[in-house]
Amino acid sequence: MENPNKWSMVELESPSDEDFIYPNDAIPKGGRNKNAKQLTWVLLLKAHKAAGCLTSIIAAFFSIAAIVRRRIASGHTDSTDKSSTENPTIKVGYLAPPLQFLANVCIVLFLIQSLDRFILCLGCFWIKLRNIKPIPNQDLADLESGDVDGYFPMVLVQIPMCNEKEVYQQSIAAVCKLDWPKGKLLIQILDDSDDSTTQLMIKDDVHKWQQNGANIIYRHRVIREGYKAGNLKSAMNCSYVKDYEFVAIFDADFQPSPDFLMQTVPYFKENEELGLVQARWSFVNKDENLLTRLQLINLAFHFEVEQQVNGIFLNFFGFNGTAGVWRIKALEQSGGWLERTTVEDMDIAVRAHLHGWKFIFLNDVKCQCELPESYEAYRKQQHRWHSGPMQLFRLCLPSIIRSKINIWKKANLISLFFLLRKLILPFYSFTLFCIILPMTMFIPEATLPAWVVSYVPAVMSFLNILPAPKSFPFIMPYLLFENTMSVTKFNAMISGLFQLGSAYEWVVTKKSGRSSEGDLISLLEKPKHQRGCSEPNLEGMREEIIQQEQQTFRKKKHNRIYTKELALAFLLLTASARSLLSAHGIHFYFLLFQGISFLLVGLDLIGEQVR
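Residues numbered from 1 in each chain as written. Predicted model: local features only at pLDDT ≥ 70, side-chain atom pairs only at ≥ 80, totals over all residues. Heavy atoms only, no water.

Peer 1: Sorry, what's going on with the overall build of the chain here?
Peer 2: The helix and strand tally for the chain stands at 20 helices and seven strands. Counting only carbon and sulfur atoms, one obtains 60% of the accessible surface of the chain, whose full area is about 30,200 Å². (Helix = DSSP H or I, 4+ residues; strand = E, 2+ residues; numbered from the N terminus. Areas by Shrake-Rupley, 256 points an atom, 1.4 Å probe, with all protein chains shown as cover.)

Peer 1: Help me understand the packing of aromatic side chains in this model?
Peer 2: Each aromatic ring pair is specified by the distance between its two centres and by the angle formed by the two planes. Within this structure, the stated rule accounts for 23 aromatic pairs. Aromatic side chains F417 and F418 sit 5.1 Å apart centroid to centroid with 90 degrees between the ring planes, which places their arrangement in the edge-to-face category. Look at F418 and you get buried, because its relative accessible area is 0%. Taking 4.6 Å as the distance between ring centres and 20 degrees as the angle between the ring planes, the aromatic pair formed by F430 and F490 counts as stacked. Placement of the pair is F430 in helix α13 (residues 407-442) and F490 in helix α16 (residues 475-497), with a sequence separation of 60 residues. Among the aromatic residues, those joined into a ring-pair cluster are F254, W281, F303, F316, F317, F319, W326, F359, F361, F393, F417 and F418. Directly above the ring of F417 sits K422, whose terminal nitrogen or CZ lies 4.4 Å from the centroid. (Phe/Tyr/Trp six-rings, centres within 6.5 Å; stacked < 30°, edge-to-face > 60°. Buried < 20%, exposed > 50% of the residue type's maximum accessible area, 1.4 Å probe, protein only. Lys NZ or Arg CZ within 6 Å of the ring centre and 35° of its normal.)

Peer 1: Is there a simple way to think about the sheet that holds strand β5 (residues 274-283) in this case?
Peer 2: Within a sheet, adjacent strands bond to each other through the backbone by hydrogen bonds, running parallel or antiparallel. Spatial ordering of the open sheet is given by β3-β2-β1-β4-β6-β5-β7, a layout of seven strands whose pairing is mixed. In the strand order of this sheet, the two ends are held by β3 (216-220) and β7 (358-369), each with one partner. When strand polarity is set aside, the average angle formed by the axes of neighbouring strands in this sheet is 20 degrees. Sheet topology places β5 next to strand β6 (residues 324-327); three bridges connect them, and they run antiparallel. Of the residues in β6, the one forming a bridge with L276 is W326. (Pairing = 2+ DSSP bridges. Axes fitted to C-alpha atoms, helices over the stretch in contact; angles between N-to-C directions.)

Peer 1: Hey, could you run me through the confidence of the model for the chain in this one?
Peer 2: Caution applies to low-pLDDT regions: their predicted coordinates should not be interpreted in detail. Overall, the predicted model of the chain reaches an average pLDDT of 83, with 77% of residues at or above 70. Scored below 50 in pLDDT, residues 6-14 makes ten contacts in the model with residues more than four places away or belonging to other chains. Across residues 516-535, where pLDDT falls below 50, the model places 50 contacts with residues more than four positions away in sequence or in other chains. (pLDDT = per-residue confidence, 0-100. Contact = heavy atoms within 4.5 Å.)

Peer 1: Help me out: how do you make sense of helix α11 (residues 344-354) in this one?
Peer 2: Helical periodicity: at 3.6 residues per turn, an α-helix aligns residues three or four positions apart in one direction. With eleven of its eleven residues buried, α11 lies for the most part within the structure. Listed as buried for α11 are E344, D345, M346, D347, I348, A349, V350, R351, A352, H353 and L354. Those residues of α11 hidden inside the fold are in contact with α7 (227-236), β6, α10 (328-333), β7, α12 (375-402) and α13. Two residues or fewer after α11 comes G356, characterised by a positive phi angle close to 95 degrees.

Peer 1: Whenever I open this one, the nonpolar core confuses me. Can you help?
Peer 2: Soluble, globular proteins show a tendency: their nonpolar side chains are buried together. One finds I189 and W326 to be the most contacted residues of the largest nonpolar core, which totals 88 residues. Here the element with the most residues in this core is β7; it accounts for seven residues. When near neighbours in sequence (up to four residues on either side) are disregarded, I189 contacts I159, M161, I172, I202, V206, I216, I217, Y218 and R219. Within the second largest apolar cluster, 44 residues are counted, among which are L109, Y428, V453 and A575. (Core = buried A, V, L, I, M, F, W, Y, C linked by side-chain atoms within 4.5 Å.)

Peer 1: Would you mind showing me how to read the UniProt feature "transmembrane region" (unreviewed entry) in the chain here?
Peer 2: According to UniProt, the feature "transmembrane region" (unreviewed entry) maps to residues 50-68, 101-127, 423-442, 561-580 and 586-606 in the numbering used here. Its end C-alpha atoms 40 Å apart, residues 101-127 is made of 100% helix and 0% strand. Across residues 586-606, helical content stands at 81% and strand content at 0%; the span's end C-alpha atoms are separated by 25 Å. (UniProt positions renumbered as here; feature names shortened; annotations may be inferred.)

So this is what it looks like as structure tokens:
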């Protein structure tokens, strides 16, 4: 210790490959002579280093957990922790005020839309309490008794379709079974399919029904323009249409009951102001998966509340495009079918309303149809349903202002029918819950009250789910999924409002044809059929449909990736982590579950996968 120069440092190196290849007595000449003690020390040092790293990682983890626990227990937020704000001047002076202003605007819109929905529910409750229903001028029992002097006007039935080989058989079979005098009923199959095989299949099915006595014809356009509106417009230009007074329209996946015309047409008798009778939809695959169950909640509220209340108190609502009977005179006076938007049904309804025609909605008359089972099909359907109204609003606004209807009807069309329910709803839903809420986690100077995040949405979801009481177990998934769908609806609304390219996309909703088996069984059980028409071979049709379903399920399915939903999932999950550190309480749970919802949808894990 008195002479430090006598000390020396010895570097211990890790063992080389030679140490393990050669034994101690066989090391080549010139090799390093390492003994067992050196090797032992090297291994001990490495083990000590690894243990130290592991100890540091565990200590850091427990330190972070302790910090989070202390912050949650103390209730401190970033707004009170000055050290967590890198540049408070930028946040407080430039970012927080506009964000808070936008949040306040969205809260006001949210409350107005919630009030509108609450009033609609009160109207529905009043209708149920007072048992208010439209009354036909002729008793339905007189028609069902087969009275030859009954009200049997000339009725035209149209089924527009395009490459829908999964469902055409049951829809054609259903309309051919309508109980109406044969000489006063004509069925048009309006096939816009560009697949030659599908064309031949539909044409053969029509020929089979013709041989069985049905008054049915097949039409195929050479120039396919205007999508569904162009198809209907072309069919209405036929010379024989002038002999008919009413037209019933059904999409390719709709199967009306045999007494459909008997339950709808009598409302037109001695009611010259009536232009449309709309029936309600029922769904054969409503319990197929989570996606169809969530769709059922929305559509049940739409028919039970919105359509019924507007039909009873205003005599106006949006035509649903199918399962309705029009007075042909009302179509002609309103300008007929136009191809200017992707919502030709809403277009003709608004123009007919401006010309003074009245509508009736029959909540008790149901027409069976099919819900889209894949998220891709549902997403494209919703895009069309939300971009078209904005196109129509831009085109119809001058006509609404110049029309001769009273000021209250104009205000209802502009402020409620278009602005509040078609524009404001997707705007605030996306902006408030998908953008503003997560941003307030990073800019705590802008706040969003807890009642906006939890209480009001919960009450509105409860009201929405009342028409479908069996869906109460899905109230939370419904709330989260509606916010997730706001991305698609907001994008569609913007594209329609500013006439972007995607606003004019028309994609036929994919069908699976799951309703065919139950349909044909019900037809076999019911002997009622069209007057003067013989029965086809339903057993053969059922076997063909079962074979088609088996071939369909053999096809490989795959998941799609939706980048917008995944990007918002990342934002919401990051904001939820920030909310946890800031002890925001209910905000954390909402952001967490909403982020998981976006993640599931972005990975296409809801509904059936695309084939």
